[in-house]
Amino acid sequence: NSSGLAFFSWDNTLRWRGLLTQGFGVETEFTVPVRYQRFAQATGASADDNRSGLAVGAQAVHRRQYGSSSASLGFTLEKLFASGRNFRSWTLGLPVGWQKPVLPWWGLGLRLNLIPSTVIYAGSVTARRDFNLTFLASISKRFLPRLSTSLDFLVLTNPSNVDVASYNKQSVTLLVSYDLF
């Protein structure tokens, strides 16, 4: 592309959320994400290898407060309608999380998440199946009522029955957020 970002891939996500409060410190959040992902670089020479497409999902996360800490357990389900049949997939995940304020006088919070998930590429010519295991550790700080930041450390392992699809990834991300509403 003419802007020099030909390598850039993106996705846009729209989420509808509902929250059911069952009592003090107990809640269940329901989410329906709809996203479109577009990859600028092809995965292979065949049109069957086009990863771009629409994804629709359902998520439910149950959270419970334990003093100043909270624990969560949930499920995620996503269907990816990729353009290429080798990347059309179903994903099922079971996220587990824990968060706690650390150094509360300074407004720091710690969040830990473990997300095992399986991805089935039912139409793939290789009958590909992946098992993702994601670990996320995050330290966050709210500076103003609408301004916050977090430092995230992510470790992901993706063993697959297709050798070229197996990988490990680690990333560190600094996120600055401003709530408009």
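Above: the structure in question.
Residues numbered from 1 in each chain as written. Predicted model: local features only at pLDDT ≥ 70, side-chain atom pairs only at ≥ 80, totals over all residues. Heavy atoms only, no water.

Colleague: Talk me through the overall build of the protein chain; I want residue IDs and the actual numbers.
Modeller: When you go through the protein chain residue by residue, the secondary structure sums to zero helices and 10 strands. For the protein chain, the sequential pattern of α-helices and β-strands runs β-β-β-β-β-β-β-β-β-β. Over its C-alpha atoms, taken along the principal directions, the protein chain stretches across nearly 55 × 40 × 30 Å. Counting only residues that meet the buried cut, the protein chain has 30% of its 181 residues in that class. Put simply, 45% of the contacts in the protein chain that link residues at least 6 apart link residues at least 24 apart. (Helix = DSSP H or I, 4+ residues; strand = E, 2+ residues; numbered from the N terminus. Buried < 20%, exposed > 50% of the residue type's maximum accessible area, 1.4 Å probe, protein only. Contact = heavy atoms within 4.5 Å.)

Colleague: Describe unusual backbone geometry, with residues and values.
Modeller: With glycine set apart, most residues show a phi of negative sign, and most peptide bonds adopt trans. Backbone geometry at Leu-103 places phi at a positive 50 degrees, although glycine is not the residue there. With respect to the helices, strands and loops of the structure, Leu-103 is situated in the loop between β6 (96–102) and β7 (108–120).

Colleague: Let's hear about the environment of Ser-166: which residues, and what values?
Modeller: Inspection of the secondary structure assignment puts Ser-166 in the loop between β9 (147–158) and β10 (167–178). On the basis of relative accessibility, which here comes to 32%, the residue Ser-166 falls in the partly exposed class. Here the alpha-carbon distance between Ser-166 and Asn-132, two residues 34 residues apart in the chain, equals 9.6 Å. Not counting chain neighbours up to four residues away, the residues in contact with Ser-166 comprise Asn-158, Pro-159 and Ser-160. A polar side-chain atom of Ser-166 sits 2.9 Å from the main-chain amide nitrogen of Ser-160. (Polar contact = N/O pair within 3.5 Å; in protein donor to acceptor, adjacent residues only side chain to side chain.)

Colleague: Before we move on, could you go through the pairing of strand β8 (residues 129–142) and cite the residues and values that matter?
Modeller: The pairing of β7 with β8 spans 13 bridges and is classified as antiparallel. Its bridge partner lying in β8, Val-119 is registered against Asp-130. Sheet topology note: the β8/β9 ladder contains 10 bridges and is antiparallel. Paired with Phe-135 across the bridge in β9 is Val-155. Linking β8 to β9, which pair antiparallel, is a turn of four residues. (Pairing = 2+ DSSP bridges.)

Colleague: I'd like to hear about the nonpolar core, residue by residue, with values.
Modeller: Among the nonpolar cores identified, the biggest contains six residues, and these are Ala-55, Leu-80, Ala-82, Phe-87, Val-119 and Tyr-121. Excluding its chain neighbours within four sequence positions, the residues that come into contact with Leu-80 are Gln-37, Gly-53, Leu-54, Ala-55, Phe-87, Arg-88 and Ser-89. (Core = buried A, V, L, I, M, F, W, Y, C linked by side-chain atoms within 4.5 Å.)

Colleague: Report on the side chain of Ser-70, specifying residues and quantitative values.
Modeller: Among the secondary structure elements, Ser-70 is positioned in strand β4 (residues 69–82). Not counting residues within four places of it along the chain, the set of residues in contact with Ser-70 comprises Arg-64, Gln-65, Gly-97, Trp-98 and Gln-99.

Colleague: Describe in detail the pattern of salt bridges, supporting the description with residues and values.
Modeller: As enumerated under the stated definition, the model contains seven salt bridges in all. A salt bridge links Arg-35 to Glu-78, with the nearest nitrogen and oxygen atoms 3.0 Å apart. With Arg-35 in strand β2 (residues 26–38) and Glu-78 in strand β4, this residue pair connects regions lying 43 residues apart in the sequence. Between Arg-85 and Asp-48 there is a salt bridge whose closest N-O contact spans 3.3 Å. With Arg-85 in the loop between β4 and β5 (89–93) and Asp-48 in the loop between β2 and β3 (53–66), the pair connects residues that are 37 residues apart, well separated along the chain. Since its relative accessible area comes to 34%, Arg-85 is described here as partly exposed. (Salt bridge = Lys/Arg side-chain N within 4 Å of Asp/Glu carboxyl O.)

Colleague: Let's hear about the packing of aromatic side chains: which residues, and what values?
Modeller: Tallied over the full model, the rule gives one aromatic pair. Note that Lys-141 overlies the ring of Trp-106, its terminal NZ or CZ placed 4.7 Å from the centroid. The ring of Phe-143 carries Lys-141 above its face, with NZ or CZ at 5.2 Å from the centroid. (Phe/Tyr/Trp six-rings, centres within 6.5 Å; stacked < 30°, edge-to-face > 60°. Lys NZ or Arg CZ within 6 Å of the ring centre and 35° of its normal.)

Colleague: Pulling in residues and values, what's your account of a nonpolar patch on the surface?
Modeller: Nonpolar side chains collect at one region of the surface, where Leu-73, Val-96, Leu-114, Phe-131, Leu-133 and Phe-135 lie side by side and expose about 500 Å² of accessible area between them. With three residues, the top contributor of residues to the nonpolar patch is β8. Note on placement: Phe-131 falls in strand β8. (Patch = residues over 30% accessible without salt bridge, like charges linked within 9 Å, V, L, I, M, F, W, Y side chains within 5 Å. Areas by Shrake-Rupley, 256 points an atom, 1.4 Å probe, with all protein chains shown as cover.)

So yeah, pure geometry; function would need other evidence.
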